[in-house]
Amino acid sequence: MTTPSTTTPDPKRRGFLKGVGLTAAAGAVASPAVAQAMPEVRWRLTSSFPRQLDTIFGTAQTFARYIAEATDNKFQIQPFPAGELVGGLQAMDAVQSGAIECCQTPVYFYIGKEPAFGIGTGLPFSLNARQQHSWWHFGGGKEIFESIFARFNCVGHVMGQSGCQMGGFFRKELQTVDDLRGLKFRIGGLGGQVLAKLGVIPQQIAAGDVYPALERGTIDAAEFVGPYDDEKLGLSKVAKFYYAPGWWEGGAMLHLLVNQGKWAELPKSYQAIAMQACEAANNWMLAKYDAVNAQALRRMVGSGTELRLFPQAIMEASLKAANELYGELSEKSPDFKRAYESMVGFRADVLPWWQVNEFQYDAFMVRTRGRS
């Protein structure tokens, strides 16, 4: 056995030890710098939706959790349901004024401020969920809305997607276009303006108020999202006929709106984390709806809900009215015109591909379901 040497280390080993010492010293200096780069940030988020809608409000909670996990709880956002801080239809106003740092909302609630916000959530007879997300990121949608949001002191990121919505619950069956005349219908965004041309009286009512309005007969029909949320709101208990499809929202984007000043104060790393958390929460919401809507629809039909498709005459009349409305809004709002032309151009590009491949595959699978 060789006795351990007690002699001075050779020059190579001395160099290695010196390097280790320098590395350790550098680490001691770097750690505080990293800590300083991750400040403690506490924000509040007000949602336009009640807590009982656990997919939509759950998306805000999921987003907040992603942020906290990615920053070791340095950046925390506390979500509040509609009504706890401000009403569901006032979420953007609170962010614009700086009273609250951020909100989760469909921007079509604010078409009174700017008609283009209707496109920001979903244009009737336009894109489905995947196409919308593609238009936002690769078709110019994001850039168009960055400038629109800036006019309202906000920064906006897509944070939620419902997929194609249902046409809603109606007290009476629809057979002709004339059946729409005088109908008091809870519907938001541009879909309400389209239907107004056909004699409907659109009502914009926050989620928590839809059931009592339909129960009391204040309204004759109501659409919200789809089977899962409609079941939670209890709409099938107070109206019998359930219509499809919700042509006014072939896909509906929700946004995270952040006060412009508060966004600018965030470190760049926090901004990047927030944007990626929005994308992840967006995927979570759509996947959740795809999983739960079919089950909820089966339950409601099994309990007596009568499923109907909108008559072709109503679909055609609605499309004609929609195109008329878009012409009128394009004359009034340059931002609407710019967003509308961008989205229509994108739709013209993607629909042929959809027809050749995606649509054909989906149609075949629907026709052959049950074969295994």
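Small disclaimer: the values here were computed from a predicted structure and weren't measured.

A separate point is helix H7 (residues 189-196). Judged by how many residues are buried, H7 sits mostly within the fold: 6 of 8 residues are covered. Within the span of H7, buried status applies to Gly189, Leu190, Gly191, Gly192, Val194 and Leu195. If you follow the buried residues of H7, they end up packed against helix H4 (117-121), strand S6 (184-186), strand S7 (201-203), helix H12 (312-332) and helix H13 (334-367).

Our focus in this paragraph is the sheet that holds S7. One open sheet holds the 6 strands; their spatial order is S7-S6-S8-S5-S9-S11, and the pairing between them is mixed. Each edge of the sheet is formed by a strand with only one pairing partner; in this case those strands are S7 and strand S11 (306-309). Of the pairings in the sheet, the one linking S6 to strand S8 (residues 221-222) comprises 2 bridges and is parallel in character. Looking across to S8, one finds that Phe185 is bridged to Ala221.

For the coordinates displayed, the defined rule picks out 24 aromatic pairs. Three or more aromatic residues link up through ring pairs in this structure, and these residues are Phe125, Phe170, Phe185, Tyr243, Trp247, Trp248 and Phe310.

Quick look at H12 now. Between the first and last C-alpha of H12 there are 31 Å, a value that for 21 residues agrees with the 30 Å anticipated at 1.5 Å per step. Every buried residue belonging to H12 is among Ile314, Met315, Ala317, Ser318, Ala321, Ala322, Leu325, Tyr326, Leu329 and Ser330, and all of these are buried. In this structure, the buried side of H12 is in contact with H7 and H13.

A few words now on the side chain of Gln161. By the secondary structure assignment, Gln161 is in strand S4 (residues 154-161). By relative accessible area, which is 3% here, Gln161 ends up buried. A polar contact of 3.0 Å, which involves the side chain of Gln161, links it to the side chain of Gln132. Excluding residues that lie within four positions of it along the chain, Gln161 makes contacts with Ala129, Gln132, Gly251, Ala252, Met253, Asn282, Met285, Leu286 and Tyr289.

A few words on the sheet that holds strand S3 (residues 102-105). A sheet is described by the order of its strands in space; here 5 strands give the open sequence S2-S1-S3-S10-S4, paired in mixed fashion. Each edge of the sheet is formed by a strand with only one pairing partner; in this case those strands are strand S2 (75-80) and S4. Strand-to-strand, the axes of this sheet are offset by a mean angle of 25 degrees, without reference to chain direction. The pairing of strand S1 (residues 41-47) with S3 spans 3 bridges and is parallel. Looking at the pairing, Ser47 lines up with Gln104 of S3. Strand contacts of helix H11 (residues 268-302): S1, S2, S4 and strand S10 (253-259), with the helix running at about 30 degrees to S4, the strand carrying the most contacts.

Thresholds applied
- Residues numbered from 1 in each chain as written.
- Predicted model: local features only at pLDDT ≥ 70, side-chain atom pairs only at ≥ 80, totals over all residues.
- Heavy atoms only, no water.
- Buried < 20%, exposed > 50% of the residue type's maximum accessible area, 1.4 Å probe, protein only.
- Helix = DSSP H or I, 4+ residues; strand = E, 2+ residues; numbered from the N terminus.
- Contact = heavy atoms within 4.5 Å.
- Pairing = 2+ DSSP bridges.
- Phe/Tyr/Trp six-rings, centres within 6.5 Å; stacked < 30°, edge-to-face > 60°.
- Expected span 1.5 Å × (residues − 1).
- Polar contact = N/O pair within 3.5 Å; in protein donor to acceptor, adjacent residues only side chain to side chain.
- Axes fitted to C-alpha atoms, helices over the stretch in contact; angles between N-to-C directions.

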